[in-house]
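# Structural description and commentary
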Amino acid sequence: MRTVAVVGASLAGLSAARSLRKQGYDGRLVVIGDEPHRPYDRPPLSKEFLAGEVGEADLVLETDGEDLRAEWLLGTRATGLDARERAVRLADGREIRADGFVIATGAAARRLPGSDGLAGVHVLRTLDDALALRDELARGGRLVVIGGGFIGAEVASTAYALGLDVTVIEAAPTPLAGPLGADMGTIVSGLHTDHGVRLLCGVGVKGLSGESRVDAVLLEDGRTIPADIVVVGVGARPCVEWLEGSGVTLDNGVKCGADGRSSLAGVVAVGDCANWYDPRAGAHRRVEHWTGALERPAVAVATLLAGGAVESGVPRPPYFWSDQYGVKIQFAGHSVGADSVTIEEGAADDRNVLAVYRRAGEPVAVLGMNQPRLFTRWRKQLAAATS
Amino acid sequence: MMIPACRLADLPRGEAIRLDVEPPVSVFHTDDGEVFAIDDTCTHQDASLADGWLEGCEVECPLHASKFDLRTGAVDAPPAKLPVRTHEVVVEDGMIYVKVSTEAPNLPPCVSARLAGGPA
């Protein structure tokens, strides 16, 4: 293999480039990114960076003096993959021919229909999104967060600490019920009301009002919630439109095997755009977790360099974290299919909890709130029990 | 400075203890029976590596995904970018002693600020 193109220059793309070099690939390496920035870390964007506690330099993912001997094509979007010509087409007209391709184009924040061009309405996915939102939060006022998921909750927490008046609107009856289940979703989202942040659940958003700038969020039950700033945190969709017609099978992202290979030879996918087969779950799962973007590229790159399937082993249970209102929230495993959740340590009222999810008596997931030590123990046990 | 940590017999393999010196130091007893001491605080964010995931000669930060090599202090992956200090370990008469490094520690920004007396 003489040229590998990594399409996507965030954590998954950088991890893939590092894995290539670590696994002995010595050929030409091209990394393509649609943002103008070098690879940067996203988790602080909704937390320390948004709060102004860390700056852009702190987000850089590369270490001082790191040289991957890669050609970085930044600020240019991939528009197509030509499988026959073995080439990636870029928006600026260039074409990069390669023998191997790592697809790491991530996911894009979903927006609210009809909100384009209305000032004061934000999503939070990229550094530029965070810069724009940080400037607005600094002015203070009433913030309405649409979506009570992790991004929405972290923004609410950060804005609360900055002194804003915050309301969170969640369409589902319980925030975070998807990843955490209803019981634990109730406990974790209780952090909002503990701090005087209003949480409105079970009500959809009809639209936004305002002339050039947003002034309120209109709810489906007829209520009007005044707003100076609105953050839309309603999930993300995989950035794979550019692969349509390429022959790469798309199904909620790039459909991949347990080793990261796509339906096309010489093409693997990693990170938020990739829908990997998870042998532990017995199903394909597109997991938008930082840890997956860090860890899985090593397997995908091994697949690419081997020219076919590799023994990928069983990955560790998915893991993610969140920080809200000073509480460290950690979760590992799959809560889907659990038939019981028990609090093994701490108390729900104190927002200090170690909870274990079980299916037929076997642990399948674990949640920690301010319980890093016990959480690690359970996380290890979970990995051992189901590997 | 030579600090007595604990009796080797009191630290089972696979376990770690934190010494409350400033900044804190952790002593790890690996599954293979080796004993190592490193700075306890992850260089990325305030987290105790003694609470982390010990595997072989590496410990993974309990919060995020960076792993530190107990032998060298080197970090393998983001979000941490700087190594932790390693400290010499002496086992004498069944007692573990740590000789604390005189190098400057790599502490996360929030912890450095706190130690300097500034806002946490």
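Reading guide: rules and limits
Residues numbered from 1 in each chain as written. Chains lettered and ligands numbered in written order. Predicted model: local features only at pLDDT ≥ 70, side-chain atom pairs only at ≥ 80, totals over all residues. Heavy atoms only, no water. Pairing = 2+ DSSP bridges. Helix = DSSP H or I, 4+ residues; strand = E, 2+ residues; numbered from the N terminus. Contact = heavy atoms within 4.5 Å. Axes fitted to C-alpha atoms, helices over the stretch in contact; angles between N-to-C directions. UniProt positions renumbered as here; feature names shortened; annotations may be inferred. 1 Å grid on protein atoms, 1.4 Å probe; cavity = no way out; pocket = protein on both sides within 12 Å on 5 of 7 lines; lining within 4 Å. Points joined across faces, edges and corners; volume = space filled by probe spheres on them. Nonpolar A, V, L, I, M, F, W, Y, C, P; charged D, E, K, R; others polar. Patch = residues over 30% accessible without salt bridge, like charges linked within 9 Å, V, L, I, M, F, W, Y side chains within 5 Å. Areas by Shrake-Rupley, 256 points an atom, 1.4 Å probe, with all protein chains shown as cover. Salt bridge = Lys/Arg side-chain N within 4 Å of Asp/Glu carboxyl O. Lys, Arg positive; Asp, Glu negative; His and termini not counted. Charge placed at Lys NZ, Arg CZ, Asp CG, Glu CD. Buried < 20%, exposed > 50% of the residue type's maximum accessible area, 1.4 Å probe, protein only.

Paired through their backbone hydrogen bonds, the strands of a sheet run either parallel or antiparallel. All names here are of chain A. Pairing in this open sheet of 5 strands is parallel, and the strands run β9-β16-β10-β11-β12 from one edge to the other. With partners counted over all chains shown, the strands left at the sheet margins are β9 (121–122) and β12 (198–201), one partner each. The pairing of strand β10 (residues 142–146) with strand β16 (residues 229–232) spans 4 bridges and is classified as parallel. Paired with Val-145 across the two strands is Val-231, which belongs to β16. In the packing of helix α3 (residues 127–137) onto the sheet, the strands contacted are β9, β10 and β16, and the crossing angle to β16 comes to about 150 degrees. In the packing of helix α4 (residues 150–161) onto the sheet, contacts are made with β10, β11 (165–170) and β16, and the angle to β10 comes to roughly 165 degrees.

To continue, consider the UniProt feature "domain: Rieske" (unreviewed entry) in chain B. Listed under "domain: Rieske" (unreviewed entry) in the UniProt record, and renumbered for this structure, are residues 3–98 of chain B. Along residues 3–98 of chain B the backbone is 0% helical and 42% strand, and the end-to-end C-alpha distance reaches 5 Å.

A volume near 1400 Å³ is recorded for the second largest pocket. What lines the second largest pocket is a set of 45 residues, among which Glu-48, Glu-53 and Val-54 of chain A together with His-44 and Gln-45 of chain B lie closest to the centre. For the lining of the second largest pocket, the secondary structure elements donating two or more residues are α2 (56–59), α4, β22 (319–324) and β23 (327–333) of chain A together with α1 (109–115) of chain B. For the lining of the second largest pocket, the residue count by class is 24 nonpolar, 9 polar and 12 charged.

Time to look at a negative patch on the surface. Residues and elements named next belong to chain B. Taken together, Asp-31, Asp-32, Glu-34 and Glu-55 make up a surface patch of like negative charges. Inspection of the secondary structure puts Glu-55 in strand β5 (residues 53–55). With relative accessibility at 54%, the residue Glu-55 sits in the exposed group.

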